[in-house]
Amino acid sequence: MNPEMIDPVVQKLDKEAENAHTIYGENQSPDFKQVVEDGLQRRDLIKGLFTGAALAASGALAPSTLQAASITGLNFKPIKLSKGNDFIDVPEGYDAGLVIAWGDPVTANAPAFDPTRQTGASQSQQFGYNADMITYHSLPAWNSTNSRRGLLCVNHEYTDGVAMFPAYGATPTKDQVDAEITAHGVSVVEVEEFFGVWQYNANSGYNRRITGETEMQITGPAAGDPLMQTTADRSGTRVRGTLNNCAGGQTPWGTMLTAEENFNQYFANRNGMAAGVNRDNMARLGTMTGASARLWERFYDRFDQAKEPNEPNRFGWIVEFDPYDPNSVPKKRTALGRCKHECATTVVAKNGQVAVYSGDDERFDYLYKFVTAGVYNRDNRAANMDLLDNGTLYVAKFNADGSGQWIPMIHGTGPLTMANGWRNQADVLIRLRLAGDALGATRMDRPEDVEVNPVTGVVYLACTNNTSRGVGANPGIDAANPRANNRSGHIIEIKETGNDHTLTTFNWGIFMLCGDPDNMAHGTYFAGAPREKVSPIGAPDNVAFDNQGNLWIGTDGMESAIGWQDAIYACVTEGPERGTLLPFMSMPIGAETCGPTFTPDNETFFMAVQHPGEGGTYDKPTSRWPYGGNNIPRPAVVFVKKSWGRGVVGS
Ligand code: FEO
Ligand code: CA
Ligand code: CA
């Protein structure tokens, strides 16, 4: 932090704090004061764990010459990357604090967290496990820009029984299974900032849990298709729950999109299915041939493909719901196709149509774009609520000359005909990967998050890694996936023709080839930035933009790629400092970074610490984050602000 920058800020904040006491100090109710004090204590408790003395023990450093890139709005002292540290580190002049952790009460009647006695009934009222995507929705209005009070929507990707429960055996109990099913899904909690500390309101009427049991509607072209029908739902239009929600998105009309990713792992006994198109498609998606890892099929037939061969077809979709209405029924939007959706990133095109970008996170799978038939209506929120049911889905082809096509995935066109065995559009959407195969789309190195630069309109795609390219019969390198042993992943820029997100052609380029810039064998590239302006980085996953067009990159799996614990970085995308990459935040042991998002004023940065202590067990944890002592690790949502609370994060 530049001291000339911070002094006036601190003085101003001191003044604001004084004023705040003048305004609120005497007249507030005891409850309000208690909330603030609890929050400050909570922050202090966590802060010790976040920035403990162990920092000094961190032997290896990020390049010491790294400096902030002031002309881009980024102006912070980069952190040192972490090895063996069980805390979160943030730059000098910043504080991080806990908002909510696995097991915290979400609904008013939720029981207190007791990891030795979790059931479906308790967990369905508490914050779920493995927080991933975060969206912030301002209150009171869906289109306000209030950055001090809002709704946090957080999805919960997956469960890890051995870490969640004591005595989790080879055959989990029904209570354990029910607690795992309900630890999936989404949590909605109202949050508010008091003097630089974010608190969630456990009694808010907005709070809700969406779980692996919550009834949802299936909408769009695949709704009702014979492949969507099951014993419990002959109509093929109602489904219980959402599973393995990874990233997602927030629509311009204020709903949350949450993406069902590795749904295949919950469905057992593919070998018991009848041979045919449906089983071939499940094989392409990788459902389990025998028992599933979690064994839910022991208690619920819907997870057994031999008994319910169509149930998996009801997962792998983008789910939309309205967090402002706690009674809203989530909808699986089948027009956006079925795969291992990593994300669903929306952008309003010049003509008002809405594009939704989504990666299919698997080695050698595809990048998709959906364009709505209708246009976004800024004045009539209700008119937008089913926009995602009608439109055109495309899959990306990256040409070696830097051009690219969005190939339409429309039944009856190209190879997707009756003669080739495609029944209708529902069939194309349910068997989406096979349709992409038929269309000759480009097989990517695990497409993860996609974000659109709010300043330039350029689209950024994080390909997290792929060490299988060129191995055996796998595809070899191509221009868009140029490294065979791609341990550290890369980031691609896509410039839509005319900056029009509805069109079907684009130009693209490699923005970053991740790795250790000091290791020539890694073959790194940082958008042309010199080595002294960048940091080692591996396995980019979740990304976000700030209002100035800087790309914030979270990693998942950096430790196995290049030896450092996962971290969040800020990266300059335009101008003379383009490619400059600064580490901002490091994770506790075993955790990946998820859900990075900003409040509209960019003064708060929210992120999710997923699977701290991964690889450990309840009885032998490898992390104690966030509560330390003898506590088990708990996935949680964290806020980061400038110390004293005010100022744009990163500036
Ligand atoms: Fe759940 Fe692709 O990360
Ligand atoms: Ca992810
Ligand atoms: Ca993102």
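Model, not experiment: these values are computed from the prediction.

## So, the overall build of the protein
The helix and strand inventory of the protein stands at nine helices and 31 strands. Classification of the 651 residues of the protein by burial places 59% in the buried group. For the protein, the share of sequence-separated contacts (at least 6 apart) that also reach a separation of at least 24 residues comes to 65%. On the protein, roughly 22800 Å² of surface is accessible, and the fraction owed to carbon and sulfur atoms is 50%.

## A word on the packing of aromatic side chains
Summed over the entire model, instances satisfying the criterion amount to 26 aromatic pairs. Look at F76 and F584: their rings are 5.2 Å apart centre to centre, the planes differ by 85°, and that puts the pair in the edge-to-face class. Within this pair, whereas F76 is found in the loop between α2 (30-50) and β1 (94-101), its partner F584 is found in strand β28 (residues 581-586), the two being separated by 508 residues in sequence. Of the two residues examined, F76 and F584, each falls in the buried class. Ring pairing ties together the aromatic residues F76, Y94, W552, F584, F598 and F605, which thus form one cluster. Taking NZ or CZ as reference, K332 lies 3.8 Å from the ring centre of F315, over its face.

## A few points about the coordination of the calcium ion (ligand 2)
Every protein donor of the calcium ion (ligand 2) is listed here as C246 (SG), E342 (OE), E448 (OE), D541 (OD) and D541 (OD), and their distances to the metal cover 2.3 to 3.1 Å. Of note, the calcium ion (ligand 2) draws all its donor residues from one chain, in the sequence arrangement C-x95-E-x105-E-x92-D. With C246 in strand β9 (residues 245-250) and E342 in the loop between β12 (331-333) and β13 (345-348), this residue pair connects regions lying 96 residues apart in the sequence. Per residue, the accessibility class of C246 equals that of E342, and both read buried.

## Comments concerning the coordination of the calcium ion (ligand 3)
Looking at the calcium ion (ligand 3), one finds its protein donor set to be D449 (OD), E451 (OE) and V543 (O), positioned 2.1 to 2.4 Å from the metal centre. Sequence positions of the residues that donate to the calcium ion (ligand 3) give the spacing D-x1-E-x91-V. For D449, a relative accessible area of 3% gives the class buried.

## Quick word on the pairing of strand β23 (residues 505-513)
Here three bridges tie strand β18 (residues 403-408) to β23, and the two strands are oriented antiparallel to one another. Counterpart to G404 in the pairing with β23 is F506. Across seven bridges, the pairing between strand β22 (residues 490-496) and β23 is antiparallel. Following the sheet pairing, E493 is matched in β23 by G509. With two bridges joining them, β23 and strand β24 (residues 525-526) adopt antiparallel strand pairing. What sits directly across from M512, in β24, is F526.

## Describing the sheet that holds strand β7 (residues 215-219)
With respect to topology, six strands assemble into an open sheet ordered β8-β7-β12-β11-β10-β9, the strand pairing being mixed. Edge strands, defined here as strands with exactly one partner in the open sheet, are β8 (238-240) and β9. Strand-to-strand twist across the sheet, computed as the mean angle between neighbouring axes with direction ignored, equals 35°. Looking at chain direction, strand β10 (residues 256-260) and strand β11 (residues 318-321) are connected through four bridges and run antiparallel. Within β11, the position partnered with L257 by the bridge is E320.

## Looking at the side chain of N453
When you line up the elements, N453 lands in the loop between β20 (447-452) and β21 (459-463). A polar contact is formed between the side chain of N453 and the backbone nitrogen of V455, at a distance of 2.8 Å. The contact partners of N453, leaving out residues within four places of it in the chain, are V458, Y460, F545, G549 and T573.

## Regarding the confidence of the model for the protein
Close inspection of predicted coordinates is inappropriate for parts of the model with low pLDDT. Taken as a whole, the protein shows an average pLDDT of 91; of its residues, 89% reach a score of 70 or greater. Within the model, the stretch residues 1-65 combines pLDDT values under 50 with 85 contacts to residues more than four positions away or in other chains.

## Regarding the sheet that holds strand β31 (residues 636-642)
A sheet is described by the order of its strands in space; here four strands give the open sequence β1-β31-β30-β29, paired in antiparallel fashion. On the outer flanks of this sheet lie β1 and β29 (592-598), each paired with one strand and no other. In this sheet, neighbouring strand axes are inclined to one another by 25° on average, regardless of whether the strands run parallel or antiparallel.

## Description of the environment of S358
Considering the arrangement of structural elements, one finds S358 in strand β14 (residues 353-359). Taking the C-alpha atoms as reference points, S358 and L336, 22 residues apart in sequence, are found 8.8 Å from one another. Setting aside chain neighbours within four positions, we find S358 in contact with I318, H341, E342, C343, Y366, L367 and Y368. Here the side chain of S358 touches C343 through a polar contact of 2.4 Å, landing on its backbone oxygen.

## Re the pattern of salt bridges
In this structure the tally under the stated criterion is 40 salt bridges. Among the salt bridges present, the one from D233 reaches R314, with a minimum N-O distance of 2.8 Å. Taken together, the residues D233 in the loop between β7 and β8 and R314 in the loop between α6 (277-285) and β11 connect sequence positions 81 residues apart. Each of the two residues, D233 as well as R314, counts as buried. A salt bridge links R333 to D386; the nearest nitrogen and oxygen atoms lie 3.1 Å apart. Placement of R333 in strand β12 and of D386 in the loop between β16 (367-375) and β17 (391-398) is noted, with a sequence separation of 53 residues between them. Here R333 falls in the buried class, since its relative accessible area comes to 2%. According to the relative accessible area criterion, D386 is partly exposed, its value standing at 38%.

## Side note on the environment of A396
As for its position among the elements, A396 is in strand β17. The buried category is assigned to A396, whose relative accessible area is 1%.

## Some details on α6
Within the span of α6, buried status applies to N278, N281, M282, R284 and L285. What you see down the axis of α6 is that its buried residues fit within an arc of 155°, all on one side. At its buried positions, α6 is contacted by β15 (363-365), α7 (425-430) and α8 (432-439). G286 sits one or two positions beyond α6 and adopts a positive phi of about 80°.

What counts and how
Residues numbered from 1 in each chain as written. Chains lettered and ligands numbered in written order. Predicted model: local features only at pLDDT ≥ 70, side-chain atom pairs only at ≥ 80, totals over all residues. Heavy atoms only, no water. Helix = DSSP H or I, 4+ residues; strand = E, 2+ residues; numbered from the N terminus. Buried < 20%, exposed > 50% of the residue type's maximum accessible area, 1.4 Å probe, protein only. Contact = heavy atoms within 4.5 Å. Areas by Shrake-Rupley, 256 points an atom, 1.4 Å probe, with all protein chains shown as cover. Phe/Tyr/Trp six-rings, centres within 6.5 Å; stacked < 30°, edge-to-face > 60°. Lys NZ or Arg CZ within 6 Å of the ring centre and 35° of its normal. Donors = N, O, S within 2.8 Å, 3.2 Å for Na, K, Ca; no water. Pairing = 2+ DSSP bridges. Axes fitted to C-alpha atoms, helices over the stretch in contact; angles between N-to-C directions. Polar contact = N/O pair within 3.5 Å; in protein donor to acceptor, adjacent residues only side chain to side chain. pLDDT = per-residue confidence, 0-100. Salt bridge = Lys/Arg side-chain N within 4 Å of Asp/Glu carboxyl O. Arc of directions from axis to C-beta.

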